[in-house]
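Next come the chains, spelled out residue by residue.
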Amino acid sequence: MAKHEGLPPMEYRFLGRSGLQVSAIALGGWLTSGGHVNPESTFNSMKAAYDCGVNFFDCAESYADGESERVMGEAIRKFGWKRNDLVISTKIYWGNSFGEIKANNVGLSRKRVIEGINMCLERLQLDYVDLIYAHRPDRHTPMEETVRAFNHLIDTGKALYWGTSEWSADEIAQAWRYADKLNLIGPLMEQPQYNMLERSKVESEYVHLYRETGLGITVFSPLKQGILSGKYRDGVPSDSRLAQTKIDRIAGFWKETGKEKFQAIIDQVNKLEPIAQGLGAKMGVLALAWVLANPHVSSAVTGASRPTQIYENMLALEAYKKLTPEIMAEIDDILGNKPPAIVLQINMASATQTKTNGASKRKEAPTNGKPNGTVSNGGAVTAAERDAIESEYKDFFWTYTEEPHRTRRLAIIKSHPEVTKLCGPEPLTKYVVAGVVALQIFLAHYLRNTPFWSLKFWAIAYVFGATSNQNLFLAIHEISHNLAFRSPLANRLFAIFANLPIAVPYSASFRPYHLTHHKSLGVDGLDTDLPTAFEAVFLDSILGKAFFCTFQIFFYALRPMVVYRIPLTWVHALNVVVQLGFDYALVGLLPGYFSFHSVLYLLLSSFLAGSLHPTAGHFIAEHYVYEKVTPTARDPTNNMEIPETFSYYGPLNFFTYNVGLHNEHHDFPAIPWTRLPKLNQIAKEFYQDLPHHRSWSYVIWRFIFDEQIGMRCRVKRKAGGRVVGGGTAVATAKVADWKEDEIEA
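Residues numbered from 1 in each chain as written. Predicted model: local features only at pLDDT ≥ 70, side-chain atom pairs only at ≥ 80, totals over all residues. Heavy atoms only, no water.

Quick question: what am I supposed to make of the overall build of the chain here?
The helix and strand tally for the chain stands at 32 helices and 18 strands. Here the chain holds 745 residues, and 57% of them are scored as buried. At a minimum sequence separation of 6, the contacts of the chain that also span at least 24 residues come to 79%. Here the chain has roughly 31100 Å² of accessible surface; of this, 58% comes from carbon and sulfur atoms. (Helix = DSSP H or I, 4+ residues; strand = E, 2+ residues; numbered from the N terminus. Buried < 20%, exposed > 50% of the residue type's maximum accessible area, 1.4 Å probe, protein only. Contact = heavy atoms within 4.5 Å. Areas by Shrake-Rupley, 256 points an atom, 1.4 Å probe, with all protein chains shown as cover.)

Whenever I open this one, the packing of helix α20 (residues 507-519) against helix α24 (residues 570-589) confuses me. Can you help?
How two helices pack is summed up by the angle between their axes together with the distance between the axes. Between α20 and α24, whose axes approach to 8 Å, the crossing angle comes to 140°. By the angle between their axes, α20 is oblique relative to α24. When α20 is examined against α24, the residues S507, A508 and S509 are found in contact with a partner set consisting of V571, H572 and N575. Classifying every residue of the contact of α20 with α24 by side-chain character gives two nonpolar, four polar and no charged. (Axes fitted to C-alpha atoms, helices over the stretch in contact; angles between N-to-C directions. Parallel < 35°, antiparallel > 145°, perpendicular 65-115°, else oblique. Nonpolar A, V, L, I, M, F, W, Y, C, P; charged D, E, K, R; others polar.)

Please clarify how helix α5 (residues 143-155) should be interpreted in this entry.
Two residues of an α-helix separated by three or four positions point the same way, owing to the 3.6 residues in each turn. Taking 1.5 Å per residue, 13 residues should reach 18 Å; α5 reaches 18 Å between its end C-alpha atoms and fits that length. Every buried residue belonging to α5 is among M143, T146, V147, A149, F150, N151, L153 and I154, and all of these are buried. Looking at the packing, one finds that the buried side of α5 touches α4 (110-124), β6 (129-134), β7 (159-164) and α6 (169-182). Directly beyond the C-terminal end of α5, a positive phi value near 80° is found at G157. (Expected span 1.5 Å × (residues − 1).)

Explanation requested: the sheet that holds strand β3 (residues 25-28) in the structure shown.
Remark on secondary structure: sheet strands pair via backbone hydrogen bonds, oriented parallel or antiparallel. Read once around its circumference, the closed barrel built from eight strands follows the order β3-β4-β5-β6-β7-β8-β9-β10, with strand pairing classed as parallel. Note that strand β8 (residues 189-190) and strand β9 (residues 216-220) share two bridges and pair parallel. Note on β9: the bridge partner recorded for M189 is G216. Packed on one face of the sheet, α4 meets β5 (87-92) and β6 and runs near 135° to β5. (Pairing = 2+ DSSP bridges.)

Help me out: how do you make sense of the nonpolar core in this one?
Most often, soluble globular proteins keep nonpolar side chains buried together rather than apart. Ranked by internal contacts, the top residues of the largest apolar core, which has 99 residues, are F57, I132, M196, L286, L292, M314 and I331. The contact partners of L286, leaving out residues within four places of it in the chain, are M196, L272, I275, A276, L279, L323 and I331. Counting 58 residues, the second largest nonpolar core, distinct from the first, contains V436, L604, I620 and V699. (Core = buried A, V, L, I, M, F, W, Y, C linked by side-chain atoms within 4.5 Å.)

Would you mind showing me how to read the packing of aromatic side chains here?
For any pair of aromatic rings, the description consists of the separation of the ring centres together with the inter-plane angle of the planes. Tallied over the full model, the rule gives 32 aromatic pairs. Measuring from ring centre to ring centre gives 6.3 Å for F442 and Y446, while their planes differ by 20°; the resulting arrangement is stacked. Taken together, the residues span about one helical turn, with F442 and Y446 both in helix α17 (residues 428-446) at a distance of four residues. Y446 sits in the partly exposed class, given a relative accessible area of 41%. The interplanar angle of 65° and the centroid separation of 5.5 Å between the aromatic rings of F473 and Y506 together place this pair among those described as edge-to-face. Here the residue F473 occupies a position in helix α18 (residues 455-480), and Y506 occupies one in the loop between α19 (488-499) and α20, the gap between them amounting to 33 residues. Here F473 falls in the buried class, since its relative accessible area comes to 7%. (Phe/Tyr/Trp six-rings, centres within 6.5 Å; stacked < 30°, edge-to-face > 60°.)

Mind showing me how you'd approach the pairing of β5 here?
Regular strands show a simple pattern: their side chains alternate between the two faces of the sheet. Extensive coverage of β5 is indicated by the burial of six of its six residues. Side chains V87, S89 and K91 project from β5 onto one buried face, and the interleaved I88, T90 and I92 project onto a second face that is buried too. Pairing geometry for strand β4 (residues 56-58) and β5, over three bridges, is parallel. Paired with D58 across the two strands is S89, which belongs to β5. Where β5 lies against β6, four bridges are found, and the strand directions are parallel. Looking across to β6, one finds that S89 is bridged to L131. Between β5 and its parallel partner β6, the chain crosses via α4, and the hand of that crossover is right-handed. (Right-handed = clockwise from strand over helix to strand, strands pointing away.)

I would appreciate a short explanation of the packing of helix α2 (residues 39-51) against helix α3 (residues 67-79) in the present structure.
As a packed pair, α2 and α3 sit with axes 10 Å apart at the nearest point and diverge in direction by 60°. Compared by their axis directions, α2 and α3 come out oblique. Judged by the sense of rotation from one axis to the other, the crossing of α2 with α3 is right-handed. Within the contact between the two elements, α2 uses T42, F43, M46 and K47 and α3 uses V71, M72, E74, A75, K78 and F79. Here the residues of the contact of α2 with α3 are counted per class, giving six nonpolar, one polar and three charged. (Left-handed = near helix turned anticlockwise from the far one by under 90°.)

Would you take a moment to explain the pattern of salt bridges for this structure?
For side chains bearing opposite charge, pairing can occur when the charged atoms are close. Under the defined criterion, the tally for this structure stands at 24 salt bridges. In this structure, the salt-bridge partner of D51 is K47, at a minimum N-O distance of 2.9 Å. You can see D51 and its partner K47 sitting in helix α2, four residues apart, about one turn around the helix. Classification of K47 by relative accessible area gives partly exposed; the value is 28%. Where E644 meets R717, a salt bridge forms, and the shortest distance between an N and an O atom there is 2.7 Å. Of the two residues, E644 sits in the loop between α27 (631-634) and β15 (647-648) while R717 sits in the loop between β17 (715-716) and β18 (734-735), which places them 73 residues apart along the sequence. (Salt bridge = Lys/Arg side-chain N within 4 Å of Asp/Glu carboxyl O.)

Would you explain a nonpolar patch on the surface in this entry?
A surface patch of nonpolar side chains, amounting to about 480 Å² of accessible area, comprises F547, F551, F554, L558 and M561. It is helix α23 (residues 552-563) that provides the largest number of residues to the nonpolar patch, a total of three residues. Within the element layout of this structure, F547 appears in helix α22 (residues 542-550). (Patch = residues over 30% accessible without salt bridge, like charges linked within 9 Å, V, L, I, M, F, W, Y side chains within 5 Å.)

Pasting the structure below:
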């Protein structure tokens, strides 16, 4: 290899947690090798890259309909490079150019993957590739089939590692779950787009995967197809990528972006010029250096049509080391697109921690020469503090992983953007609520002279009253998400109306606690849906669990005040005044129509709705862990996801605003009850493999009598989340720092 003078030495980084080292800068073949660049120019660029220390060359079967692989293979033979000096990757998904019938030539079926790699190796004239990517997720092929197919390539020596490209975090995690379950190898790397203008996946969505699976990142388009190089400052050069409008992706870019938006992007990029000048670098070097500064990036796949571009890119190896926190902050201010920080305050940087699941070996090894898994988001605890947390809280399922719903929501929106049209208020809700309120008032009138201890009184209260009040509990739950009216105030007032047959003021306080439950799922001291340590100790027996199930309505009513309190507002005051006025009217103002027994009926209905009643099973079914959790998964240092939200697919959803579709609800709280089944239907591939319940009655039965299920079977997090409205709360009955208008809104 001829050493090119005057350029910084190549840096080699570990690919994720593997022992494979790849050059920090790679050369890719999209739009260049076999594309609009002639073969001789491609050979010159590859030779220049190799001479600069690049060992990682990337292509795909779909690049120039296979010509990219063919030209890359010819270059390897032309220059006589040793195979053991190279890391060659290709990708499989779009193979429709190689057949006359599209069926079985697109996707990730076993047939497609195996036949695809055979054709790739033939074009490359190689015996194997180092890296094979699933170029896109295939939602028509079962994940198990895809995982098995790529493992077959590894087992037969046709590929050494497999990974993904443009997959969502949820899909990668699903692949890992199947790999662990089947004792197979999970995806080592992901190739997403990452640059100054496209940041969310690498900096936000994949964060938990870096810790949980040791995911390596080989990013493409670090210069955003040249936009960040400065070449488009004065227009679009005829030999540039964006001038190749006959290429579908480029044509799609222009259709989506338009000239005005494109010019706005260029104007923003131009504001970065002074920073580049301060570093003594060109804009393209600054953009590439910014990508390399991310410690999770194993390699940045660049494109080049001539050697001079290769040499210029190499300068980023030196420039990224000059990007101080102050400079990075200045760049963020100019771009204005930094993803929100994910609060993960546990330091997982144990370099000796090892977990083995058969063929898939997870160990905390250095990534890119740095300790892997360190979460530098402020407030990281030491290893000793972490051990103390595990020792103190080992009875619950403690985890350091991010709650799953945000990740799955982003993946579903990307795959099925039409689901966002399901969001918004449901007009039918107000009519259902009015009907149920009227029914309860009628039954309160009907039982006004019926003895409280009579069979008739209790039978009606259990069958009709409890079902109706459970319906109203969940109507208030629905209304708390502003899904009855567009006006927040109208929703607050209507919730007070729905509260009337419950007989106890409840709706105003429920909303802030419930929204905090969504924002802080499983966070100890914030999520009031979690059992307290007292409950876990004193109620974790058959008698204790039976007591809890019988009187759980009181636990859910009183627990929030023990965990933390919210300030009272005029909405709370109105809720109390209206409710007490309604109760008093039944007892004292309408003696011919109602009586004290009428109020007793409503109170008994509320009690039974949260007691040993079939519909009350949803309280337990939603988040108590009913799956068997192995000791390995229970150890929080292994970062294995434990299912923490369970849906119920059964007939009682008809009476309960489809609250059983609970994974669907947590994924999309803005979708009303009538459209949750449609969400499940549209995104079926995301939900069909998740654990779920079929009977709420059986949920209660198992909870009481199954020794493996109890008060401690909840996933808890020591940190993360937030109290809706800002501020903090801890488990010492402190007052949450809400703003009054936020509670009322």
